Amino acid sequence: MFTFSEIKMKRREMRPVRYHGFDMWLRARHGEKVQKIPLDAGSDCPNRDGTLGRGGCIFCNALGSGSGIGGSLSEQWNHWRRSFAQSDRLKHTRLFLGYLQAFTNTYGTADRLRILLDELEGLPGLVGVCVGTRPDCLDREKMSILAARSWPELWLELGVQSRHDATLARIRRGHGAEASEQAILLAAEYGVKVCAHLMAGLPGETGEDFLESVRWLANLPVSGVKLHGLYVCGGTDLETDWKAGNYIPLEQDEYALLAARALTLLPSRVVVHRLTGDPSPGELAAPDWALRKGETVRAIDAILHMNDWWQGCRADCPARNPWADIPAPR
Ligand code: SF4
């Protein structure tokens, strides 16, 4: 095995691409960069409003993964577009994907979901929408509302987190793995793409437990995944556990190795939306490395490179990296 500093030193030598990244996938479909815009639709969550519980998942803070930007959806849209226009990297971006990110966006009535999606129609540059939700807040009526949209991109971002019911109970999800499986199968029936979110380093789980969740997911009809190491936000019950020494987050190199091994198990058709979490500096309590997203992604790339692994090499494409002819971006 390599030390983490060796991995970081070698990262410049890494060629070619070794996994099916979302940015690359969007560029292939739209011919140019597509940028995600986080949106807060003022949604609630049954795990916080008293329906299932009041405290929420032990890692969820008051923002519920939201950006904290207020205003209507179109005001938030315009805020982010103005901010991108100031950025050297994004100022020429013309296409955007709305991400209903905060809390549980399919919670409530089917009409609420329909109205939310109507509000997004016609926003300048919109090519589609990602809807963040949990598996027990979906049904046939909501799936048909989602499936009826004609946007080129429509994704359900589904908080799955683990296949282990004991873990799901311990982190107070309020649903089991069976609910995730049913939601994924229902979405497939309606032709709605699912990006399943899984976390490594959950309390009580080993690395092998995480990889078992990845193997389980690889056998379900998901179109995408988002992986990250669990991080601790201020003001959460997880922070209390961490301060008491009852929870220890993964080290960056531990997570990078787990993420690289997870990629080898995922079929090549699965699009990798993200390999890191996205905490804001103000909310993060630990670990510090969770803010250094680029460094983590490069470490994962380096581990793939040095072991000559690629996505699917232990799944559907053991003989050859399907992206072997694509140079890695600098
Ligand atoms: S399901 Fe999502 S929004 Fe609800 S408590 Fe858990 S992390 Fe927070």
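The present account deals with the structure reproduced in this document. Owing to the predicted nature of the structure, the values given are computational and were not obtained by experimental measurement.

1. Thoughts on the overall build of the protein
In step 1: On a plain count of helices and strands, the protein comes out with eleven helices and nine strands.
In step 2: On C-alpha atoms alone, the protein measures out to a radius of gyration of 19 Å, which is about the 20 Å that the 2.2 N^0.38 rule sets for 330 residues.
In step 3: Its C-alpha atoms give the protein principal-axis dimensions of roughly 55 × 50 × 40 Å.
In step 4: Here the protein, with 330 residues, has 42% of them falling under the buried criterion.
In step 5: For the protein, the share of sequence-separated contacts (at least 6 apart) that also reach a separation of at least 24 residues comes to 83%.

2. Thoughts on the site of the ligand
In step 1: Near the ligand lie eleven residues; those nearest to it are Cys 45, Asn 47, Gly 56, Cys 57 and Cys 60.
In step 2: Tallied by class, the residues present in the shell around the ligand amount to four nonpolar, five polar and two charged.

3. Looking at the sheet that holds strand S2 (residues 95-100)
In step 1: Across the sheet, seven strands lie side by side as S1-S2-S3-S4-S5-S6-S8; this open sheet has parallel pairing. Sheet topology places strand S1 (34-39) and strand S8 (271-274) at the edges, where each strand pairs with a single neighbour. When the angles between neighbouring strand axes are averaged without regard to direction, this sheet yields 25°.
In step 2: In this sheet, strand S3 (residues 126-133) lies alongside S2 in parallel orientation, the contact comprising five bridges. Bridge assignment links Phe 96 to a residue of S3, and that residue is Leu 126.
In step 3: Each of strand S4 (153-161), strand S5 (193-200) and strand S6 (224-229) touches helix H8 (residues 207-218); the most contacted strand, S5, lies at about 170° to it.

4. What to know about unusual backbone geometry
In step 1: A cis amide bond links Ala 286 to the next residue, Pro 287, at an omega of -10°.
In step 2: Phi is positive for Gln 161, which is not a glycine, with a value near 70°.
In step 3: Residue placement: Gln 161 occurs in strand S4.
In step 4: For Gln 161, a count of 24 C-beta atoms within 10 Å gives the class buried.
In step 5: Backbone geometry at Asp 308 places phi at a positive 55°, although glycine is not the residue there.

5. A look at the pairing of S3
Walk down a regular strand and you will see the side chains alternate between the two sheet faces.
In step 1: Extensive coverage of S3 is indicated by the burial of six of its eight residues.
In step 2: Viewed along the sheet, the connection from S2 through helix H4 (residues 110-120) into S3 turns out right-handed.
In step 3: Bridging between S3 and S4 involves six bridges; their strand directions are parallel. Its bridge partner lying in S4, Val 129 is registered against Leu 154.
In step 4: In this view, the connection linking S3 to its parallel neighbour S4 by way of helix H5 (residues 140-147) has right-handed handedness.

6. Overview of the nonpolar core
In step 1: Grouped together as the largest cluster of nonpolar side chains are 84 residues, with contacts concentrated most on Val 194, Ala 196, Val 225 and Ala 259.
In step 2: Among the elements that make up this core, the one with the highest residue count is helix H10 (residues 252-265) (eight residues).
In step 3: Excluding residues that lie within four positions of it along the chain, Ala 196 makes contacts with Leu 158, Val 160, Ile 184, Leu 217, Val 222 and Val 225.

Rules used in this analysis
Residues numbered from 1 in each chain as written. Predicted model: local features only at pLDDT ≥ 70, side-chain atom pairs only at ≥ 80, totals over all residues. Helix = DSSP H or I, 4+ residues; strand = E, 2+ residues; numbered from the N terminus. Rg over C-alpha atoms; globule rule 2.2 N^0.38 Å. Buried ≥ 20, exposed ≤ 12 C-beta atoms within 10 Å, placed from the backbone. Contact = placed C-beta atoms within 7 Å. Near = placed C-beta within 6 Å. Nonpolar A, V, L, I, M, F, W, Y, C, P; charged D, E, K, R; others polar. Pairing = 2+ DSSP bridges. Axes fitted to C-alpha atoms, helices over the stretch in contact; angles between N-to-C directions. Right-handed = clockwise from strand over helix to strand, strands pointing away. Core = buried A, V, L, I, M, F, W, Y, C linked by C-beta atoms within 7 Å.

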